[in-house]
Amino acid sequence: MKRFAKTLHVFAILPFLAAPAMAAGDGGGSSDKTPTCETGKVWDKDKNKCVPKTSALDDESIYEYGRDLAYAGRYDEAIDVLTLAHDKTDARILNFLGYAHRKSGRIEVGLGYYQEAIRNDPNYTLVREYLGEAYLQLGDIASARGQLTEIKNRCGVECREYSLLARQIDVFVQG
């Protein structure tokens, strides 16, 4: 019954999925467009077409569509899609649930998702970068720097997540 109610909620918001979302990849900046599906349908990357919302989407499709919605600034829609994932421990899905909540102003909720993602995959540096940004939003520079150190330990100072968070910290400190 709870799943049915959630599905009804998703159907209620689907009419608002009118603008195409830009896919940004896993922080990599892809320029592919996520197709906009008609009411009651979502994009299935494996079938390369819109499918009824009630069909069994795989978690990869749910992740990609939810991520693309989040990057497009459609945070509540992203949350609705990402919560449909079967694997509630997938660090990528948890990360983008955190991202969408944080970007929509629910920073504390976002922190919880980020921390859960790190518990499930401590080496996932994109979540550490976003967690660092959340700490900056809260004015917690020390914790943001702690995440920067964790990123450095995992992929060095040359990786994208390190440079992005280092830049954010510099901007924050300089005011």
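Residues numbered from 1 in each chain as written. Predicted model: local features only at pLDDT ≥ 70, side-chain atom pairs only at ≥ 80, totals over all residues. Heavy atoms only, no water.

1. Here we look at unusual backbone geometry
At step 1: One non-glycine residue, asparagine 48, lies in the positive phi region at around 55 degrees.
At step 2: Here asparagine 48 lies in the loop between strand E3 (41-44) and strand E4 (49-52). (Helix = DSSP H or I, 4+ residues; strand = E, 2+ residues; numbered from the N terminus.)

2. Some words on helix H7 (residues 141-155)
At step 1: Compared with the 21 Å implied by 1.5 Å per residue over 15 residues, the 21 Å span of H7 between its first and last C-alpha is a close match.
At step 2: Within the sequence span of H7, burial applies to Ala144, Gln147, Leu148 and Ile151. Buried residues in H7, looked at end-on, bunch into an arc of 105 degrees, giving them a common side. H7 presents Ala142 and Asn153 as exposed residues on the side facing more than 90 degrees away from its buried surface. (Expected span 1.5 Å × (residues − 1). Buried < 20%, exposed > 50% of the residue type's maximum accessible area, 1.4 Å probe, protein only. Arc of directions from axis to C-beta.)

3. Side note on the state of the cysteines
At step 1: Counted by the stated rule, this structure contains one disulfide.
At step 2: A sulfur-sulfur distance of 2.0 Å marks the disulfide that ties cysteine 155 to cysteine 159. (Disulfide = S-S within 2.5 Å.)

4. What to know about the pattern of salt bridges
Note on pairing: side chains with opposite charge can pair once their charged atoms come close.
At step 1: Enumeration over the complete set of coordinates arrives at eight salt bridges.
At step 2: The partner of aspartate 76 in a salt bridge is arginine 106, with the nearest N and O atoms 3.2 Å apart. Here aspartate 76 is found in helix H3 (residues 75-82), whereas its partner arginine 106 is found in the loop between helix H4 (91-103) and helix H5 (107-120), with 30 residues between them in sequence.
At step 3: Among the charged side chains, a network of salt bridges with common partners joins Glu60, Asp90 and Arg92. (Salt bridge = Lys/Arg side-chain N within 4 Å of Asp/Glu carboxyl O.)

5. Concerning the packing of H4 against H5
At step 1: Relative to each other, H4 and H5 sit at 165 degrees, their axes nearing to 7 Å. As far as their axial angle goes, H5 and H4 are roughly antiparallel. Judged by the sense of rotation from one axis to the other, the crossing of H4 with H5 is left-handed. Residue-level contacts link Ala91, Leu94, Asn95, Leu97, Gly98, Tyr99, His101 and Arg102 of H4 to Ile107, Val109, Gly110, Tyr113, Tyr114, Glu116, Ala117 and Asn120 of H5. (Axes fitted to C-alpha atoms, helices over the stretch in contact; angles between N-to-C directions. Parallel < 35°, antiparallel > 145°, perpendicular 65-115°, else oblique. Left-handed = near helix turned anticlockwise from the far one by under 90°. Contact = heavy atoms within 4.5 Å.)

6. Focus on the pairing of E3
At step 1: Where E3 meets E4, four bridges bridge the pair, whose relative direction is antiparallel. Across the sheet, residue valine 42 finds its bridge partner in E4, namely valine 51.
At step 2: Here E3 folds back onto E4, and the loop between the two strands holds four residues, one of which, asparagine 48, carries a positive phi near 55 degrees. (Pairing = 2+ DSSP bridges.)

7. Some words on the confidence of the model for the protein chain
At step 1: Across the protein chain, the average pLDDT comes to 83, with 78% of residues at 70 or higher.
At step 2: Confidence drops under pLDDT 50 across residues 1-31; counting only partners more than four residues distant or on other chains, this segment forms 71 contacts. (pLDDT = per-residue confidence, 0-100.)

8. Some details on H5
At step 1: Over its 14 residues, H5 runs 20 Å from end to end, which matches the ideal 20 Å to within 8%, given 1.5 Å per residue.
At step 2: Listing the buried residues of H5 in full gives Ile107, Gly110, Leu111, Tyr114, Ala117 and Ile118. All buried residues of H5 project into a common sector of 125 degrees when viewed along the axis, lining one side. Within H5, the exposed residues directed more than 90 degrees away from the buried face are Glu108 and Arg119.

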